[in-house]
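The primary structure of each chain is shown beneath.
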Amino acid sequence: MRDSSMTIDGKAVAGSGSFSVINPATGKPFAEAPECTREQLDDAMSAAAAAFGPWRRDEAARRKALGDCAAALRERAPELGRILTLEQGKPLEKGIGEFFGAGVWFDYTASLELPVEVVQDDEEARVEVHRRPLGVVGAITPWNFPIILGVWKIAPALLAGNTIVIKPSPFTPLATLALGETLRDVLPPGVLNVVSGGDDLGAWITQHPAVRKISFTGSTATGKRVAAAAAPDLKRLTLELGGNDAAIVLPDVDPAEIAEKVFWGAFENTGQVCSAIKRVFVHEDRYDAMLAELGRRASEVVVGDGLDASTQLGPLNNAPQFERVSELVAEAVQGGARVVTGGGPRKGDGYFFEPTILGDVAEGLRIVDEEQFGPALPVLTYRDVDEAVERANDTMYGLSGSVWSGDVRRAAEIASHLECGTAWVNQHLQIVPHAPFGGAKWSGLGVENGHWGLYGFTETQTLNIAK
Ligand code: NAD
């Protein structure tokens, strides 16, 4: 594996030291990533602050630069996607796909307007509302989708006229460092800085005086720490946090018809998706049939090294997550859950876990009440749909949810009662660049994507011109 470098002020920078990156398919280190010092972080912040002045002035240049970023990432997607697969574990096609997706997001964002709204224009005054950039953005990302979640921040932050310092998770630093290396020659120095290190580095970013906005994606527990760190300096904040999404399956559906979509809504990326289905509520009339359909798919799906062409599900990304999922499933089984398929770790190297469907489960088990973030799905039963909605909402999470029915209008009406940022009907995980994505309650603060996400990287300025 080639050496990775940080990008600071448009230059390649080695760390003071390095840390190992593990391939989750083997459980063994395969590369080193640079460890950023506090002084190097100061350099990155100074570079971002210095670049802000000229960058904010030329909207047309920024728009063009975003298109150039899209093209550069697409061109290197096969090579970069492989790095992502090696450190993250996902199938190679998905690793490459994340870089193509990044291209889509850059291009879409480049097409967004930063409109000036005229709210008064009469004999007294002309009053305009502008969207101004904030300054330096500190961005922090998790290990499940390092590239696409990073680009959800980079693209709108830059289009709005901000500059950025981004830090990926210590479990998956390499693909983001490679993104920095790729875009180093596309963007002016200091506009995009990529640093790598441990959780401390994230905390230093949130406390850094140069940062005017923090855009964070990760767990709810860390999100609360980030919010506390932002408060003394009133840094602007967007938080994309954990979820415990419910899917509600009504009695009018044929489980055989929806099971494929429900399965992938839960197991995509080995269940390591913030807005994956994490609890399924199935009407008691359809419960056994649904369990059988989901169980069949879980037993047939091909689990393996992401570099094998036949692999559909990779390993869990890291040892703590592997242990957590193992623990939650073991606890559920001890608590009386019926193991329909799977039920435990796979023997051998790497963080592989058998795709698991659990029946006869209910609230009170941690795998139902908490975010499992892995390939193990509890399937619950209900009798009355109002009761299902109430139970779906009985959590501090509120990222997304879905309702499955042959009657789309009724399903949409039921979905409107879900307390979450995105509600789907007869689908799950359909995330598009042009719609806002964010969480209710403990699942987040603010949104990403669409013009709503772009506006999150701006401050309004009222320009009141006397006549
Ligand atoms: P995490 O909170 O452990 O880490 C996320 C990032 O925060 C990492 O880069 C980490 O180094 C950094 N960090 C850790 N401590 C910090 C601190 N005190 N200050 C600043 N930064 C700090 O989360 P994770 O385990 O990497 O990711 C999984 C979680 O992310 C899940 O809960 C998942 O639901 C959530 N997630 C949410 C979304 C969303 O859009 N809502 C998307 C993906 C993942």
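Residues numbered from 1 in each chain as written. Predicted model: local features only at pLDDT ≥ 70, side-chain atom pairs only at ≥ 80, totals over all residues. Heavy atoms only, no water.

*Asks:* Help me understand the overall build of the protein chain, please; the structure alone is not making it clear to me.
*Replies:* When you go through the protein chain residue by residue, the secondary structure sums to 15 helices and 20 strands. The C-alpha atoms of the protein chain give 23 Å as radius of gyration, which agrees with the globular expectation for 467 residues (23 Å, within 12%). Along the longest, intermediate and shortest principal axes, the C-alpha atoms of the protein chain span 70 × 60 × 40 Å. The buried share of the protein chain, reckoned over its 467 residues, is 58%. Put simply, 73% of the contacts in the protein chain that link residues at least 6 apart link residues at least 24 apart. Summed over all atoms, the accessible surface of the protein chain reaches about 18,200 Å², with 52% contributed by carbon and sulfur. Between the centroid of the 43 positive side chains of the protein chain and the centroid of its 62 negative side chains there is a distance of 3 Å. (Helix = DSSP H or I, 4+ residues; strand = E, 2+ residues; numbered from the N terminus. Rg over C-alpha atoms; globule rule 2.2 N^0.38 Å. Buried < 20%, exposed > 50% of the residue type's maximum accessible area, 1.4 Å probe, protein only. Contact = heavy atoms within 4.5 Å. Areas by Shrake-Rupley, 256 points an atom, 1.4 Å probe, with all protein chains shown as cover. Lys, Arg positive; Asp, Glu negative; His and termini not counted. Charge placed at Lys NZ, Arg CZ, Asp CG, Glu CD.)

*Asks:* Any chance you could explain the pattern of salt bridges here in plain terms?
*Replies:* In a structure, side chains of opposite charge can pair up when their charged atoms sit close to one another. Across all of its chains, the model carries 30 salt bridges by this definition. Between Lys11 and Asp9 there is a salt bridge, and its shortest N-O distance comes to 3.7 Å. You can call Asp9 partly exposed: its relative accessible area is 31%. Across the pair Asp68 and Lys64 runs a salt bridge, and its minimum N-O distance is 2.7 Å. Of this pair, Asp68 and Lys64 both sit in helix α2 (residues 59-75), 4 residues apart, which is roughly one turn of the helix. Judged by relative accessible area, Lys64 falls into the exposed class, the value being 53%. Each of the salt bridges in this network shares a partner with another, and the network as a whole consists of Glu260, Glu293, Arg296, Arg297 and Glu300. (Salt bridge = Lys/Arg side-chain N within 4 Å of Asp/Glu carboxyl O.)

*Asks:* Please explain the site of the ligand as it appears in this structure.
*Replies:* Close to the ligand lie 29 residues, the nearest being Asp199, Ser219, Thr222, Leu241 and Glu371. In the environment of the ligand, an oxygen atom lies 3.2 Å from a nitrogen or oxygen atom belonging to the backbone of Gly218. In the environment of the ligand, a nitrogen atom lies 2.8 Å from a nitrogen or oxygen atom belonging to the backbone of Leu241. For the ligand, the accessible surface in isolation is 850 Å², of which the surrounding protein chains cover 90%. Here the shell around the ligand is composed, by residue class, of 14 nonpolar, 11 polar and 4 charged. Of the residues that make up the shell around the ligand, three or more belong to each of domain 1 (6-241 + 441-466) and domain 2 (245-433). (Near = heavy atom within 4 Å. Polar contact = N/O pair within 3.5 Å; in protein donor to acceptor, adjacent residues only side chain to side chain. Nonpolar A, V, L, I, M, F, W, Y, C, P; charged D, E, K, R; others polar. Domains from an automatic or database assignment.)

*Asks:* Could you clarify how one ought to interpret the pairing of strand β8 (residues 163-167) in this entry?
*Replies:* Among the 5 residues that make up β8, 5 are buried, leaving the element largely enclosed by the rest of the structure. Here β8 shows no split at all, with Thr163, Val165 and Lys167 on one side and Ile164 and Ile166 on the other all buried. Both strand β7 (residues 136-140) and β8 contribute to a ladder of 5 bridges, which runs parallel. Note that in β8 the partner of Ala139 across the bridge is Ile166. Pairing geometry for β8 and strand β9 (residues 192-194), over 3 bridges, is parallel. By the bridge assignment, Val165 is partnered in β9 with Asn193. At this point the chain moves from β8, through helix α6 (residues 174-183), to the parallel β9, and the crossover so formed is right-handed. (Pairing = 2+ DSSP bridges. Right-handed = clockwise from strand over helix to strand, strands pointing away.)

*Asks:* Would you mind showing me how to read helix α5 (residues 146-159) here?
*Replies:* Think of an α-helix as 3.6 residues a turn; residues three or four steps apart then line up on the same face. Taking 1.5 Å per residue as the helical rise, α5 with its 14 residues ought to reach 20 Å, and the 20 Å between its terminal C-alpha atoms agrees with that figure. Here α5 lies mainly inside the structure; 14 of its 14 residues are buried. Directly after α5, the chain includes Gly161, whose backbone phi takes a positive value near 105 degrees. (Expected span 1.5 Å × (residues − 1).)

*Asks:* I keep staring at the domain arrangement of the protein chain and nothing clicks. Help me out?
*Replies:* Frequently, the measure chosen for interface size is the accessible area that the parts lose on association. As assigned here, the protein chain comprises domain 1 (6-241 + 441-466) and domain 2 (245-433). One C-alpha centre belongs to domain 1, the other to domain 2; they are set 30 Å apart. Domain 1 puts 33 residues into the contact, and the matching count from domain 2 is 33 residues. Together domain 1 and domain 2 conceal approximately 2,600 Å² of surface at their shared face, both sides included; 60% is due to carbon and sulfur atoms. Note that Glu419 and Lys441 form a salt bridge whose closest N and O atoms lie 2.8 Å from each other. Along the contact surface separating domain 1 from domain 2 lie 15 residue pairs in polar contact (both at pLDDT 80 or more). At the level of secondary structure, the elements contributing two or more residues to the side of domain 1 that touches domain 2 comprise α3 (77-88) and α4 (92-110). (Buried area = accessible area lost by both parts, 1.4 Å probe.)

*Asks:* What am I meant to see in the packing of aromatic side chains here?
*Replies:* Each aromatic ring pair is specified by the distance between its two centres and by the angle formed by the two planes. Applying the stated criterion to the full structure yields 6 aromatic pairs. Ring geometry for Phe322 and Tyr351: centres 5.9 Å apart, planes at 40 degrees, overall tilted. Separated by 29 residues along the polypeptide, Phe322 in helix α11 (residues 319-334) and Tyr351 in the loop between β14 (338-341) and β15 (356-359) bring together distant segments of the chain. Taking NZ or CZ as reference, Arg131 lies 3.9 Å from the ring centre of Tyr455, over its face. We note Lys224 situated over the ring of Trp442; from NZ or CZ to the ring centre the distance is 3.2 Å. (Phe/Tyr/Trp six-rings, centres within 6.5 Å; stacked < 30°, edge-to-face > 60°. Lys NZ or Arg CZ within 6 Å of the ring centre and 35° of its normal.)

*Asks:* Got a minute to help me understand the sheet that holds strand β5 (residues 117-121) in this structure?
*Replies:* Picture the strands of a sheet paired through backbone hydrogen bonds; they go either parallel or antiparallel. If you trace the 3 strands from one edge of the open sheet to the other, you get β5-β6-β20, paired in antiparallel fashion. Edge strands, defined here as strands with exactly one partner in the open sheet, are β5 and β20 (458-466). Neighbour-to-neighbour, the strand axes of the sheet open up by a mean angle of 20 degrees, direction not taken into account. With 9 bridges joining them, strand β6 (residues 125-133) and β20 adopt antiparallel strand pairing. Each bridged residue has a counterpart across the sheet, and for His130 the counterpart in β20 is Gln461. (Axes fitted to C-alpha atoms, helices over the stretch in contact; angles between N-to-C directions.)

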